[in-house]
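Results of the structural survey
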2 protein chains.
Amino acid sequence: MKRFAVFVSGNGSNLQAIIDACQKGQIKSQLALVVSSTDKAYALERAEKAGIPSLVFNVRDYTNKQSVDRDIVIHLKQEKIDFIVLAGYMRFLTPFFVKQYAMKILNIHPSLLPAFKGGSGLKDAFTYGAKVTGVTVHFVNEKIDNGAIIFQHAVPIKDDDTLESLEERIHRVEHKIYPEAIALFEEDRLKVKGRKVFINGGPSGEC
Amino acid sequence: MKRFAVFVSGNGSNLQAIIDACQKGQIKSQLALVVSSTDKAYALERAEKAGIPSLVFNVRDYTNKQSVDRDIVIHLKQEKIDFIVLAGYMRFLTPFFVKQYAMKILNIHPSLLPAFKGGSGLKDAFTYGAKVTGVTVHFVNEKIDNGAIIFQHAVPIKDDDTLESLEERIHRVEHKIYPEAIALFEEDRLKVKGRKVFINGGPSGEC
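Residues numbered from 1 in each chain as written. Chains lettered and ligands numbered in written order. Predicted model: local features only at pLDDT ≥ 70, side-chain atom pairs only at ≥ 80, totals over all residues. Heavy atoms only, no water.

**Quick look at helix α5 (residues 121–128) of chain A**
Condition: Burial classification: accessible surface area is computed with a 1.4 Å probe over protein chains only, and a residue below 20% of its type maximum counts as buried, one above 50% as exposed, and the rest as partly exposed. Secondary structure elements are taken from DSSP: a helix is a run of H or I of four residues or more, a strand is a run of E of two residues or more, and numbering for both begins at the N terminus. What the arc measures is the spread of directions leading from the helix axis to the C-beta atoms. The contact rule is simple, with two residues in contact once any of their heavy atoms fall within 4.5 Å.
Residues of α5(A) that are buried include every one of G121(A), L122(A), A125(A), F126(A) and Y128(A), and no others. Looking down the long axis of α5(A), one finds its buried residues gathered within 165° of arc, a one-sided arrangement. Summarising the contacts, the buried residues of α5(A) are in contact with β5 (105–109), β6 (132–139) and α6 (163–186) of chain A together with β7 (149–156) and β9 (196–199) of chain B. G129(A) occupies a position one or two residues after α5(A) and carries a positive phi of about 90°.

Here is the structure:
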């Protein structure tokens, strides 16, 4: 059985969706560790409630970003973590870190990448006046929000949407498709050719 | 009755969809002029077949881009053109031109803007490995593919898609939604607030 870690920084609603998917058996791998960039993340309480060990690595306790990532990697290797799932982790992973887990780090982003990269993708799409935005699940590479795309799911922005109503709809999609993507990954059903990800034995590209 | 011009550079399949929509009465304004950037555009034959006058303005016959646009504007004013529809027009309109017809120029782009701007948006989305792309109808402002968005329609990219099969699906969507957007525009049903376009008396944001 594969072991994985979920990285968080905040509320952790995607972590919760992943915990639920593990309990239902939709995800077969063991969620062995939660890593947080801050001890203030509510996600840590979710982990505790579910009986999952957690560790906090705050960049302020280190001399630089690389040294945090080196420390995290040491702990991940100790815990025999096979792959990593980012769920609202608000720190950019160093190239050193990405190399250690090449094509074994997944991320979810609240827009249809490459549109609206960065930390406020959901709000940026709303402010831009886009009529369609969505959710992207992708592999993490050394550039921000740039790695090969596993899933994208479109979400319309309606004339009467507020940022809050849009956010709710986006989150609902996230909580559905992230466990699906993790399940495909753990079963080695994602085949990567260059920038393209193909799903073996089933359809991809939900819309 | 309003009078409008369609600007083309190539095959003109969107022009054809607009001609058809005029003949069916879906578009009420008069398609009074086709403007082409080259005399080689097949779109010119479509215009002729439909009995629509056309003019060719080739930048090579002018000293600079601004002088072409000045000449076009003179002809548009003579023809009492109220608004302009770009349909595969491969020239960037100068700020001078855009000012003459502020918020009266529509464009269609084969991607979900702001992703994949520029002349090869459809191919770029395919090559990038996006799982969802689409079509955008927007007002033209002084920046490339940047104006306020009227419609966006998502189109999935499937694992077994070729560039050609995707292209066909994108074009089908274009031919459907461009006449719809023109009909809303001519009826003054598009209300613009900053970057956002709202549709009076009906839903927007198809997906």
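**Section: the packing of helix α1 (residues 13–24) of chain A against α6(A)**
Residue and element names in this part refer to chain A. For clarity, the cut-off: Axis geometry follows a simple rule: fit a line to the C-alpha atoms, using only the stretch in contact for helices, then measure angles between N-to-C directions, giving values from 0 to 180 degrees. Orientation categories follow fixed angle ranges, with anything under 35 degrees roughly parallel, anything over 145 roughly antiparallel, 65 to 115 roughly perpendicular, and all other angles oblique. Helix crossings fall into two classes, left-handed where the near helix is turned counterclockwise from the far one by less than a right angle and right-handed where it is turned clockwise. Under the convention adopted here, Pro, Cys and the residues Ala, Val, Leu, Ile, Met, Phe, Trp and Tyr are nonpolar, Asp, Glu, Lys and Arg are charged, and Gly plus all remaining residues are polar.
Taken N-terminus to C-terminus, the directions of α1 and α6 make an angle of 55°; their axes are 9 Å apart at the nearest point. Viewed along their axes, α1 and α6 adopt a mutual orientation that is oblique. Along this stretch, α1 crosses α6, giving a crossing that reads as right-handed. Here α1 contributes S13, N14, A17, I18 and A21 to the contact with α6, which in turn contributes E174, H175, Y178, P179 and I182. Along the lines of polarity and charge, the residues of the contact of α1 with α6 split into six nonpolar, three polar and one charged.

**Points about the confidence of the model for chain A**
The predicted coordinates should not be examined in detail at positions where pLDDT is low. Formally: What pLDDT conveys is the predictor's confidence in a given residue, as a value from 0 to 100.
With 97% of its residues at a pLDDT of 70 or more, chain A shows a mean pLDDT of 95. If you check the scores for this complex, the pTM reads 0.93 and the ipTM reads 0.91.

**A word on the packing of α5(A) against α6(A)**
Residues and elements named next belong to chain A. In the contact formed by α5 and α6, the axes pass within 10 Å of each other and the chain directions differ by 130°. It follows from the interaxial angle that α5 and α6 lie oblique. Seen from above, α5 lies across α6 with right-handed handedness. Each of L122, K123 and F126 in α5 lies in contact with α6, whose residues at this interface are L163, L166, E167 and I170. Residues that form the contact of α5 with α6 fall into these classes: five nonpolar, no polar and two charged.

**Quick notes on the relation of the copies chain A and chain B**
We apply this condition: Least-squares fitting of one copy onto the other uses the C-alpha atoms of those residues that reach a pLDDT of at least 70 in both copies.
Least-squares fitting of chain A to chain B yields an RMSD of 0.0 Å, with the superposition described by an axial translation of 0.0 Å and a rotation of 180°. The transformation relating the two chain copies, once decomposed into turn and shift, fits a two-fold axis. Among all residues of chain A, the minimum C-alpha distance to the rotation axis is found for A115(A), at 2.4 Å.

**A look at the nonpolar core**
Quick reminder of the rule: As used here, the term nonpolar core means buried Ala, Val, Leu, Ile, Met, Phe, Trp, Tyr and Cys residues forming a set that is joined through side-chain atoms within 4.5 Å.
By size, the foremost hydrophobic cluster in this structure holds 97 residues, and its most contacted members are V6(A), I18(A), I150(A), V6(B), I18(B) and I150(B). No other element matches α6(A), which puts 10 residues into this core.

**Quick notes on helix α3 (residues 65–78) of chain B**
Side chains that are three or four residues apart share a direction in an α-helix, a result of its 3.6 residues per turn. All names here are of chain B. This is how the line gets drawn: A helix is expected to span 1.5 Å multiplied by its residue count minus one. As used in this structure description, the phrase polar contact means that two N or O atoms lie within 3.5 Å; if the pair is within protein, one of them must be able to donate a hydrogen and the other to accept it, and residues adjacent in sequence are counted only when both atoms belong to side chains.
Here α3 spans 20 Å end to end across 14 residues, near enough to the 20 Å set by a 1.5 Å rise per residue. Looking only at α3, the buried set comprises V68, D69, I72, V73 and L76. Relative to the axis of α3, the buried residues are bounded by an arc of 135° and lie together on one face. Structurally, α3 contributes buried residues whose contacts are with β1 (3–8), β2 (30–36), β4 (83–86) and α4 (95–100). Between the side-chain oxygen of the N-cap and the backbone nitrogen of Q66 there are 3.1 Å, and the N-cap of α3 in question is N64. After α3 finishes, the residue K80 shows a positive phi value of roughly 55°.

**Things to note about the interface of chain A and chain B**
Worth spelling out the cut-off: Buried area: the accessible area, evaluated with a 1.4 Å probe, that two parts lose upon being put together, summed over both parts.
The interface is formed by 32 residues belonging to chain A together with 33 residues belonging to chain B. When the buried area of chain A at its contact with chain B is split by residue, Y128(A), K131(A) and D159(A) rank highest and sum to 28% of it. If you look at where chain A meets chain B, you find 12 residue pairs in polar contact (both at pLDDT 80 or more). Within the residue set of the side of chain A that touches chain B, elements represented by two or more residues are α5, β7 (149–156) and β9 (196–199) of chain A. Per-element accounting of the side of chain A that touches chain B gives the leading share, seven residues, to β7(A). The residue inventory of the side of chain A that touches chain B, partitioned by class, reads 18 nonpolar, seven polar and seven charged.

**A closer look at the packing of aromatic side chains**
Quick note on the threshold: Note on aromatic pairs: the rings of Phe, Tyr and Trp (six-membered ring only in Trp) are paired at centre separations within 6.5 Å, and the planes decide the class, stacked below 30 degrees, edge-to-face beyond 60, tilted for the rest. Any Lys NZ or Arg CZ that is within 6 Å of a ring centre and within 35 degrees of that ring's normal is treated as a charge sitting over the ring.
Taken as a whole and assessed by the stated rule, the structure comprises 14 aromatic pairs over all chains. Between F7(A) and Y89(A), the aromatic rings sit 5.0 Å apart at their centres with planes inclined by 70°, giving edge-to-face as the arrangement. Taken together, the positions of F7(A) in strand β1 (residues 3–8) and Y89(A) in the loop between β4 (83–86) and α4 (95–100) put the pair 82 residues apart, joining distant regions of the chain. A relative accessible area of 0% means that F7(A) is categorised as buried. Considering the side-chain rings of F139(B) and F185(B), the 6.0 Å spacing of their centres and the 65° angle between planes classify their relative orientation as edge-to-face. Placement of F139(B) in strand β6 (residues 132–139) and of F185(B) in helix α6 (residues 163–186) is noted, with a sequence separation of 46 residues between them. Classification of F139(B) by relative accessible area gives buried; the value is 3%. Every member of this aromatic cluster is reached through a ring pair, and the members are F4(A), F83(A), F139(A) and F185(A). The ring of F185(A) carries K2(A) above its face, with NZ or CZ at 5.9 Å from the centroid. Cation over ring: K131(A) sits above F198(B), and NZ or CZ is 5.9 Å from the ring centre.

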